[in-house]
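# A look at the structure
For reference, the chains in residue letters:
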Amino acid sequence: MKRVTAFVGSARKKYTYNAVRQFLENLKPLGDIEYEVITLSDHRLGTCRGCQLCFEKGEEFCPMKDDRDVLIEKIMASDGVVFASPNYSFQVSAVMKIFLDRLGFVFHRPRFFGKTFTSIVAQGIYGGDKIVRYLDFVGNGLGFNTVKGSCVTALQPMTEKEKQKIDRAIRRQSRRFYQRLVKPGYPVPTFIKLMAFRMARTSIRLELDDSSRDYAYYKDKGWFESDYYYPTRLGVLKKVAGSLFDSIQTKRTRSRHS
Ligand SMILES: Cc1cc2nc3c(=O)[nH]c(=O)nc-3n(C[C@H](O)[C@H](O)[C@H](O)COP(=O)(O)O)c2cc1C
């Protein structure tokens, strides 16, 4: 059985919510799926005050006491996750952004490896594709295996043809998501992901020390020595590229301090 949790950034149960329900219902005939839809506005989420204690000392030092950890637990207990938002002023809704900010420390210390992620954006007219790309980028940054998201244009009145187009797009997205969800093992990182990991870990190794939470986390995970965040078999080309990314970042860091 696979567990999928969708986090919805719209307070009303309309186009974003319906697209999410449709996406999740499509998964059911494909396999043994259990799902939950979480409406973010039903939870207590405080606006980040920017103290950065979570980055420097650890997330448990955050002065805000809200539902952040309850929601993170929901992610941890899931095999698959959906972030869904309406397009508000060409961005995610405020409540979705507040939620992403509450997860800010996870970009420093990624952890959702092996979990499948996708995004859904509902919009009236324009700008949603960029928001999908943004959410998919966020998914990668948090450590998920990201499956390309989709944007639903729900301008009323909707013609039958437009409705069918949306249904097809969501059905395709459900299939893509399911294929990744049931695929065993971790995917080999792309060059870009490998570069992001190698450069981040090199700069953390050279710039920080044991007093920093990021440094301690990387050290504890063995990331200063590993090829990637998780066990993977890099081909020769990626092995060489990995070493190159390490040495480029070493030079860049040293030149910052010289
Ligand atoms: C405050 C606000 C800002 C919006 N900004 C945009 C926008 O920039 N582009 C757009 O295409 N639609 C925009 N819309 C329309 C919504 O994206 C659209 O109605 C969407 O279906 C809302 O999702 P929901 O049905 O799940 O609430 C906006 C709606 C609101 C309420």
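This text gives an overview of the structure that appears in the document. Keep in mind it's a predicted model, so treat the numbers as computed, not measured.

## Looking at the nonpolar core
With 26 residues, the main nonpolar core has Phe-7, Ile-75, Phe-83, Phe-99, Leu-103 and Leu-142 as its most contacted residues. Taken together, the elements giving at least two residues each to this core come down to α3 (68-76), β3 (80-86), α4 (94-102), α5 (104-108), β4 (116-123) and α6 (128-142). Looking at which element gives the most residues to this core, the answer is α6, with five residues. Each residue touching Leu-103, except ones within four places of it in the same chain, is listed here: Ile-72, Ile-75, Phe-83 and Leu-142.

## Remarks on a nonpolar patch on the surface
A contiguous nonpolar patch, built from Phe-90, Ile-125, Tyr-126 and Leu-155 and spanning about 530 Å² of accessible area, is present on the exposed surface. The residue Leu-155 is located in the loop between β6 (150-153) and α7 (160-182) in this model. In this structure Leu-155 comes out as partly exposed when scored by relative accessible area, which is 46%.

## Things to note about the packing of aromatic side chains
Summed over the entire model, instances satisfying the criterion amount to 23 aromatic pairs. Summarising the aromatic geometry, the rings of Phe-23 and Phe-177 are spaced 5.2 Å apart at their centres and angled 75 degrees between planes, so their arrangement reads as edge-to-face. Of this pair, Phe-23 sits in helix α1 (residues 15-27) while Phe-177 sits in helix α7, placing them 154 residues apart in sequence. The class for Phe-23 is buried, based on a relative accessible area of 0%.

## Thoughts on unusual backbone geometry
A cis amide bond links Gln-156 to the next residue, Pro-157, at an omega of -5 degrees. Along the chain, the position of Pro-157 falls in the loop between β6 and α7. Phi is positive for Gln-52, close to 65 degrees, though the residue is something other than glycine. You can see Gln-52 is positioned in the loop between β2 (33-39) and α2 (53-56). The phi dihedral of Phe-90 falls on the positive side, at around 65 degrees, and the residue is not glycine. Examined against the element boundaries, Phe-90 turns out to sit in the loop between β3 and α4.

## Some thoughts on α6
Here α6 contains 15 residues, and its C-alpha end-to-end distance of 21 Å stays within 8% of the 21 Å for a straight helix at 1.5 Å per residue. Among the residues of α6, Gly-128, Ile-131, Val-132, Leu-135, Asp-136, Val-138, Gly-139 and Leu-142 are the ones counted as buried. Summarising the axial view, the buried residues of α6 lie within an arc of 155 degrees, below the 170-degree limit, and thus occupy one face. More than 90 degrees from the buried face of α6, the exposed residues found are Asp-129, Lys-130, Arg-133 and Phe-137. Among the structural elements, β3, α4, α5, β4, β5 (145-146) and β6 are those in contact with the buried residues of α6. Once α6 finishes, Gly-143 follows within two positions and takes phi at roughly 110 degrees, a positive value.

Rules of the game
- Here the residue numbers are simple positions, counted from 1 along each chain's written sequence.
- With pLDDT at 70 or above as the cut-off, local features in this predicted model cover only qualifying residues; side-chain atom pairs require 80 or more to be listed or tallied, and sums for whole chains, interfaces and linings still use all residues.
- With hydrogens and water excluded, all non-hydrogen atoms of the structure serve as input to the side-chain values.
- For the purposes of this section, nonpolar cores are sets of buried Ala, Val, Leu, Ile, Met, Phe, Trp, Tyr and Cys residues that join through side-chain atoms within 4.5 Å.
- Between buried and exposed lies partly exposed: a residue is buried under 20% and exposed over 50% of the maximum accessible area for its type, with that area taken using a 1.4 Å probe on protein chains only.
- In DSSP terms, a helix is any run of H or I states spanning at least four residues, a strand is any run of E spanning at least two, and both are numbered starting from the N terminus.
- Contacts are residue-level and defined by heavy atoms, with any inter-residue pair within 4.5 Å sufficient.
- Grouping into patches uses exposed residues only, defined as over 30% relative accessible area, and leaves out salt-bridged ones; the cut-off is 9 Å for like charges and 5 Å for nonpolar side chains (Val, Leu, Ile, Met, Phe, Trp, Tyr).
- Working definition of accessibility: Shrake-Rupley area with a 1.4 Å probe, residue cover restricted to the visible protein chains.
- The term salt bridge refers to a pairing of a side-chain nitrogen on Lys or Arg with a carboxyl oxygen on Asp or Glu at a separation within 4 Å.
- Pairing of aromatic side chains here covers Phe, Tyr and the six-membered ring of Trp, requires ring centres within 6.5 Å, and sorts the geometry by plane angle: under 30 degrees stacked, over 60 edge-to-face, intermediate tilted.
- Here the expected length of a helix is defined as 1.5 Å per residue gap, with one fewer gap than residues.
- Read the arc as the range of directions from the helix axis to the C-beta atoms.

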